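Residue-level listing of the chains:
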Amino acid sequence: MRAKINNFEIDLSKPIDISISLTNTDENPIAWYIEKPVIEPVVFGDWIGKVSEGKSSTNFNNIFFNPHGHGTHTECLGHITNDFYSINQSLKQFFFSAKLITIEPEKIGDDFVITKDQITNLITEKTEALIIRTLPNQKEKKSRKYSNTNPPYLSEDAAIFIRESEIQHLLIDLPSVDKEYDEGKLLAHKAFWNVKDTHNLNSDARLNATITEMIYVPDEIEDGNYILNLQIASFENDASPSKPILYKI
């Protein structure tokens, strides 16, 4: 099945899923010092919501997880503001032009940083969404335990450049666009969303812009232009687990 979006033709039968699935095994990636997700059947007395246990006609699980720490998620500026903003209210369109780029973060002191110069050299035309794949790109990203590892991050200048390039949706294969220990500065988040005061939101803050973290883009997916379908669950929360899908143009 083919469709035409933004005057580009795509084949809907060939989606490229760049999300990481959520599981209750040790294969699940984890960030921010939490434990793995919990997926377990509801129990009422001697009744267990699991068909294989022989006492239920259905599988009936509770799921306990954190969208920020347990896998691919999309967040709005409500992630850093005093007032409540919901990703479900911020993201109202779901198909976008997208550019996939690959960057090896630069070593600066003890950190590895994605810099403005690196991004500037790779963005030469307008796009609604930017997808950053970092090197090295091991498959272990899909199960990595990020806590206390000081992962690479995006510089403030790079985030400003992305914002000034009118990119509305930023996707990255790291647990955060910001440094793990940054004393709560959140420089890249604030720069991308143009949030100048988290307690008194400025009128030109980017309410409809989103950041998607902890994606995984396999090596065989080439850099270039795509159509992005950014799917979220309808959570009234600052973030939701998400399923970004790419389509070749």
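That block above? That's the structure.
The notes below deal with the structure included here. Everything numeric in this text was worked out from a predicted model, so none of it was measured. (Residues numbered from 1 in each chain as written. Predicted model: local features only at pLDDT ≥ 70, side-chain atom pairs only at ≥ 80, totals over all residues. Heavy atoms only, no water.)

1. Focus on the overall build of the protein
Within the protein, the secondary structure is distributed over four helices and 17 strands. Computed over its C-alpha atoms, the radius of gyration of the protein comes to 19 Å, within 12% of the 18 Å expected for a compact globule of 249 residues. Projected onto its principal axes, the C-alpha positions of the protein cover 60 × 50 × 40 Å. Counting the 249 residues in the protein, one finds 48% classified as buried. Within the protein, residue pairs in contact and separated by at least 24 positions form 71% of the contacts whose partners lie at least 6 positions apart. About 12900 Å² of surface is accessible on the protein, with carbon and sulfur atoms providing 50% of the total. (Helix = DSSP H or I, 4+ residues; strand = E, 2+ residues; numbered from the N terminus. Rg over C-alpha atoms; globule rule 2.2 N^0.38 Å. Buried < 20%, exposed > 50% of the residue type's maximum accessible area, 1.4 Å probe, protein only. Contact = heavy atoms within 4.5 Å. Areas by Shrake-Rupley, 256 points an atom, 1.4 Å probe, with all protein chains shown as cover.)

2. Quick notes on the sheet that holds strand 13 (residues 153–154)
Strand order across the open sheet formed by three strands is 10-11-13, with mixed pairing between neighbours. Here the strands that pair on one side only, and so sit at the sheet edges, are strand 10 (106–108) and strand 13. The pairing of strand 10 with strand 11 (residues 111–114) spans three bridges and is classified as antiparallel. Of the residues in strand 11, the one forming a bridge with lysine 107 is phenylalanine 112. (Pairing = 2+ DSSP bridges.)

3. With respect to the nonpolar core
Nonpolar side chains in soluble globular proteins generally cluster together in the buried interior. Counting 27 residues, the largest nonpolar core has Ile119, Ile132 and Leu154 as its most contacted members. Ignoring anything within four residues of it in the chain, the contact list for isoleucine 119 reads Ile103, Ile114, Ile132, Leu154, Ala158, Phe161 and Ile162. Residues Ile87, Phe96, Ile232 and Leu246 belong to the second largest nonpolar core, which totals 19 residues. (Core = buried A, V, L, I, M, F, W, Y, C linked by side-chain atoms within 4.5 Å.)

4. Remarks on a negative patch on the surface
Among the surface-exposed residues, Glu106, Asp117, Glu156 and Asp157 lie close enough to one another that they form a single negatively charged patch. Note that glutamate 106 resides in strand 10. (Patch = residues over 30% accessible without salt bridge, like charges linked within 9 Å, V, L, I, M, F, W, Y side chains within 5 Å. Salt bridge = Lys/Arg side-chain N within 4 Å of Asp/Glu carboxyl O. Lys, Arg positive; Asp, Glu negative; His and termini not counted. Charge placed at Lys NZ, Arg CZ, Asp CG, Glu CD.)

5. Looking at the pairing of strand 1 (residues 2–5)
As judged from the four bridges shared by strand 1 and strand 2 (residues 8–11), these two strands associate in the antiparallel manner. Across the sheet, residue lysine 4 finds its bridge partner in strand 2, namely glutamate 9. Here strand 1 hands over to strand 2 after two residues, with asparagine 6 in that stretch at a positive phi of 50°.

6. Observations regarding the pattern of salt bridges
Where side chains of opposite charge bring their charged atoms close, a pairing between them can arise. Throughout the structure, instances matching the rule amount to nine salt bridges. One salt bridge connects lysine 141 with aspartate 173, and the closest N-O pair in it is separated by 2.5 Å. Of this pair, lysine 141 sits in the loop between strand 12 (129–134) and strand 13 while aspartate 173 sits in the loop between strand 14 (169–172) and helix 4 (187–193), and the two are 32 residues apart along the sequence. The pair lysine 141 / aspartate 173 is uniform in exposure class, with both members buried. Note that lysine 196 is salt-bridged to aspartate 204, the shortest N-O span being 3.3 Å.

7. A closer look at the packing of aromatic side chains
Within this structure, the stated rule accounts for six aromatic pairs. Between tryptophan 32 and tyrosine 33, the ring centres sit 6.2 Å apart and the planes meet at 80°, which makes this aromatic pair edge-to-face. Taking the centre distance of 6.3 Å and the plane angle of 70° together, the rings of phenylalanine 65 and phenylalanine 235 count as edge-to-face. Of the two residues, phenylalanine 65 sits in the loop between strand 7 (61–64) and strand 8 (73–75) while phenylalanine 235 sits in the loop between strand 16 (224–232) and strand 17 (239–248), which places them 170 residues apart along the sequence. Residue class for phenylalanine 65 comes out partly exposed when judged on its relative accessible area of 22%. (Phe/Tyr/Trp six-rings, centres within 6.5 Å; stacked < 30°, edge-to-face > 60°.)

8. As for helix 3 (residues 156–164)
Side chains that are three or four residues apart share a direction in an α-helix, a result of its 3.6 residues per turn. Within the span of helix 3, buried status applies to Ala158, Ala159, Phe161, Ile162 and Arg163. On the buried face of helix 3, the contacting elements are strand 11, helix 2 (116–120), strand 12, strand 13, strand 14 and helix 4. Immediately beyond the C-terminal end of helix 3, within one or two residues, lies glutamate 166, with a positive phi of roughly 65°.

9. Overview of the environment of isoleucine 221
Structurally, isoleucine 221 can be placed in the loop between strand 15 (210–213) and strand 16. Residue isoleucine 221 is classed as buried on the basis of its relative accessible area, which comes to 12%. Aside from chain neighbours lying at most four places away, what touches isoleucine 221 is Ile16, Leu100, Arg133 and Tyr226.

10. Some details on the side chain of threonine 127
One can find threonine 127 in the loop between helix 2 and strand 12. Of note is the side chain of threonine 127, whose polar atom sits 3.2 Å from the backbone oxygen of serine 97. For threonine 127, the side chain forms a polar contact with the main-chain nitrogen of alanine 98, separated by 3.4 Å. Discounting residues that sit within four places of it in the chain, threonine 127 has contacts with Ser97, Ala98, Lys99, Glu166 and Ile167. (Polar contact = N/O pair within 3.5 Å; in protein donor to acceptor, adjacent residues only side chain to side chain.)

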